[in-house]
Amino acid sequence: SGMLMNPVPKIHAVGVCDTPDYFYDIMVSIAEEMGFCNIPEGYKSLKDLFQSHVRVYQGKGKGYAVSTKEELEYVSQFSRQTGIILDPVYTGKALYHFVTNVMQENEE
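Overview of the structure. The shown structure was predicted, so the numbers you read here are calculated from the model rather than taken from an experiment. (Residues numbered from 1 in each chain as written. Predicted model: local features only at pLDDT ≥ 70, side-chain atom pairs only at ≥ 80, totals over all residues. Heavy atoms only, no water.)

1. Section: the side chain of Glu71
Among the structural elements, Glu71 can be located in helix α3 (residues 69-82). Among buried Asp, Glu, Lys and Arg side chains, Glu71 stands out as unpaired, with Lys93 the closest opposite charge at 4.6 Å. Among the polar contacts listed, one links the side chain of Glu71 to the backbone nitrogen of Thr68, at a separation of 2.8 Å. Apart from residues no more than four positions distant in its own chain, Glu71 is found in contact with Gly61, Val66, Lys93, Tyr96 and His97. (Helix = DSSP H or I, 4+ residues; strand = E, 2+ residues; numbered from the N terminus. Buried < 20%, exposed > 50% of the residue type's maximum accessible area, 1.4 Å probe, protein only. Lys, Arg positive; Asp, Glu negative; His and termini not counted. Salt bridge = Lys/Arg side-chain N within 4 Å of Asp/Glu carboxyl O. Polar contact = N/O pair within 3.5 Å; in protein donor to acceptor, adjacent residues only side chain to side chain. Contact = heavy atoms within 4.5 Å.)

Pasting the structure below:
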């Protein structure tokens, strides 16, 4: 038909409570519970499919409710600049790691 197919966009996520591998396993579990069992051609497993299209970044940091100086400074600065208050345990950590990892690696 002459139309160009857009590639599937890469999805970026930041996990702040466990490892990226844990989140890939959860995605597989949810997909299987929903009945998504057909692995598309070109993929070895559902996990391979998800890892090909979703990049999970490690944002756990030092641990639950333990933030680095940089994380706390970012959350404080963000709140002052936007008027939006983020909790430093999950939301603030996730945004900090999103900006410092995802945005810097994927400038497009």
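2. Here we look at the packing of α3 against helix α4 (residues 91-105)
Relative orientation and spacing of two packed helices are given, respectively, by the angle between their axes and the distance between those axes. Taken N-terminus to C-terminus, the directions of α3 and α4 make an angle of 100 degrees; their axes are 9 Å apart at the nearest point. Taken together, α3 and α4 sit at an angle that is classed as roughly perpendicular. Contact with α3, carried on its side by Glu70, Glu71, Tyr74, Val75 and Phe78, involves Gly92, Lys93, Leu95, Tyr96, His97 and Val99 of α4 and no other residues of that element. (Axes fitted to C-alpha atoms, helices over the stretch in contact; angles between N-to-C directions. Parallel < 35°, antiparallel > 145°, perpendicular 65-115°, else oblique.)

3. Observations regarding the packing of aromatic side chains
Considering all chains together, one arrives at 3 aromatic pairs under this definition. Note on Tyr74 and Phe78: the rings are 6.2 Å apart at their centroids and 25 degrees apart in plane angle, and the pair reads as stacked. Of the two residues, Tyr74 and Phe78 both sit in helix α3, 4 residues apart, roughly one turn of that helix. Comparing Tyr74 with Phe78 shows no difference in burial state: the two are buried. Cluster of aromatic residues (ring-pair linked, three or more members): Tyr74, Phe78 and Tyr96. (Phe/Tyr/Trp six-rings, centres within 6.5 Å; stacked < 30°, edge-to-face > 60°.)

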